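Here are the chains, one letter per residue:
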Amino acid sequence: MKRGLYLSALIYYLAGKRREKGAVVVVRTREICGTDRRCGWELRRLMLFLVTRGLARRHRRGIYIMERAAVERALHALSEQI
């Protein structure tokens, strides 16, 4: 149950970032989860799934970088997880 909640939060976050300016999108798990450790762990798992697909890369702990062109493909890959 919780996994779907965190997955939908990440999809909503990426959909909002899609409209911003710039060549890259920075995903900060703290912006999505705050201090909820369970949420942070689940988002880490989801983002590492995107890293293995080549859609994102890990910058630091809790910070991931995606190319703007890869956001649509990432949203599609995440929607397949549902």
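Just above sits the structure.
In this report, the structure presented in the accompanying data block is examined.

## Comments concerning the pairing of strand β2 (residues 57-60)
Thinking step 1. Here β2 pairs with strand β3 (residues 63-67) via 3 bridges, running antiparallel. Residue pairing for β3: Arg57 is matched across the bridge by Ile65.

## Details of the pattern of salt bridges
Thinking step 1. Counted according to the given criterion, the structure contains 5 salt bridges.
Thinking step 2. Between Glu72 and Arg18 there is a salt bridge whose closest N-O contact spans 2.7 Å. Of this pair, Glu72 sits in helix α4 (residues 70-81) while Arg18 sits in the loop between α1 (2-17) and β1 (24-28), and the two are 54 residues apart along the sequence.
Thinking step 3. Between Glu31 and Arg28 there is a salt bridge, and its shortest N-O distance comes to 3.7 Å.
Thinking step 4. Under the relative-accessibility criterion, Glu31 is labelled partly exposed at 45%.
Thinking step 5. Using a relative accessible area of 37% as the deciding quantity, one classes Arg28 as partly exposed.

The rules behind these values
Residues numbered from 1 in each chain as written. Predicted model: local features only at pLDDT ≥ 70, side-chain atom pairs only at ≥ 80, totals over all residues. Heavy atoms only, no water. Pairing = 2+ DSSP bridges. Helix = DSSP H or I, 4+ residues; strand = E, 2+ residues; numbered from the N terminus. Salt bridge = Lys/Arg side-chain N within 4 Å of Asp/Glu carboxyl O. Buried < 20%, exposed > 50% of the residue type's maximum accessible area, 1.4 Å probe, protein only.

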